[in-house]
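Structural description and commentary
Listed below, chain by chain, are the residues.
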Amino acid sequence: AGVGLFGLADGRFQLIEDGPIAPLMVGSGYILAESSFTDFLRGLQIERVSFEPAIIWHRRTGEEFRTHERIVLGQWFSLDQINDLNLDGCRLLSLNDQYLFASPELAQQMQESPFSYLRLTEGFTGFAANAI
C-alpha cells in the first residue's frame, strides 16, 4: 500500500507521510493512477470518466512527481442506490466519493490487463469489515 495524500488548494496532492507512491491511490475526494493505467482506461473509452494531470508533492524534499493522473468520475452512488445501478458495458463508479467499483465487463478487462497490482473482488467481498 502506498502513502496517503492530501489535496491542496492549488490542485497538487501532498504526501502526508514518507513511503512509496502506489500505482493507484484512492482516498476521500481523489483517485490517482499511474499514467500507464490511465492510458489503458482511456483506451476503453469509459463513459463519464475523464482524466486530468496530477502533481504529487513531497513537502519535506520539495519534489514534485508527475507520474500519475487524476481520474474524474461522473458516476457515483450511495449504498441506498446499489440496486438501481446501470452496470452495462465498461463502467467505473465511486461509492461515496471514496471507493471504486467496476462493472463486470470492466472488471474482466482489468483482470486481463498487465496491471498485477489491481485487486478485484466481487460485490462487497473485500469491502469494510470483510477486507483482509
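Up top is the structure these notes are about.
Residues numbered from 1 in each chain as written. Predicted model: local features only at pLDDT ≥ 70, side-chain atom pairs only at ≥ 80, totals over all residues. Heavy atoms only, no water.

Bringing the pattern of salt bridges into the picture now. Enumeration over the complete set of coordinates arrives at 7 salt bridges. As a salt-bridge pair, Arg42 and Asp39 come within 2.8 Å of each other at their nearest N and O atoms. Residue Arg42 and its partner Asp39 are both found in helix α1 (residues 35-44); the two are separated by 3 residues, about one turn of the helix. Classification of Arg42 by relative accessible area gives partly exposed; the value is 34%. According to the relative accessible area criterion, Asp39 is partly exposed, its value standing at 45%. Each member of the salt-bridge network shares a partner with another, and the members are Asp10, Arg12, Glu64 and Arg66. (Salt bridge = Lys/Arg side-chain N within 4 Å of Asp/Glu carboxyl O. Helix = DSSP H or I, 4+ residues; strand = E, 2+ residues; numbered from the N terminus. Buried < 20%, exposed > 50% of the residue type's maximum accessible area, 1.4 Å probe, protein only.)

A sheet is described by the order of its strands in space; here 4 strands give the open sequence β3-β4-β8-β5, paired in antiparallel fashion. The open sheet has two edge strands with one neighbour each: β3 (24-27) and β5 (49-53). Taken over all neighbouring pairs, the strand axes of this sheet differ in orientation by 25° on average, direction set aside. Alignment of strand β4 (residues 30-34) against strand β8 (residues 68-73), held across 3 bridges, turns out to be antiparallel. Each residue of the ladder has a partner; that of Leu32, found in β8, is Arg70. (Pairing = 2+ DSSP bridges. Axes fitted to C-alpha atoms, helices over the stretch in contact; angles between N-to-C directions.)

What follows covers the sheet that holds strand β7 (residues 63-65). Pairing is mixed across the open sheet formed by 4 strands, whose spatial order is β1-β2-β6-β7. For this open sheet the edge positions go to β1 (5-7) and β7, each flanked by a neighbour on one side alone. Geometrically, the sheet is characterised by an average inter-axis angle of 30° between neighbouring strands, direction not taken into account. As paired strands, β1 and strand β2 (residues 13-15) are joined by 3 bridges and run antiparallel to one another. Within β2, the residue paired with Gly7 across the bridge is Phe13.

With that settled, the discussion passes to α1. For α1, the set of buried residues is Phe37, Thr38, Phe40 and Leu41. One side of α1 carries all its buried residues, which in axial view fall inside an arc of 155°. Against β4, β5, β8, β10 (92-95) and α2 (104-111) lie the buried residues of α1. The first or second residue beyond α1 is Gln45, which carries a positive phi of 50°. (Arc of directions from axis to C-beta. Contact = heavy atoms within 4.5 Å.)

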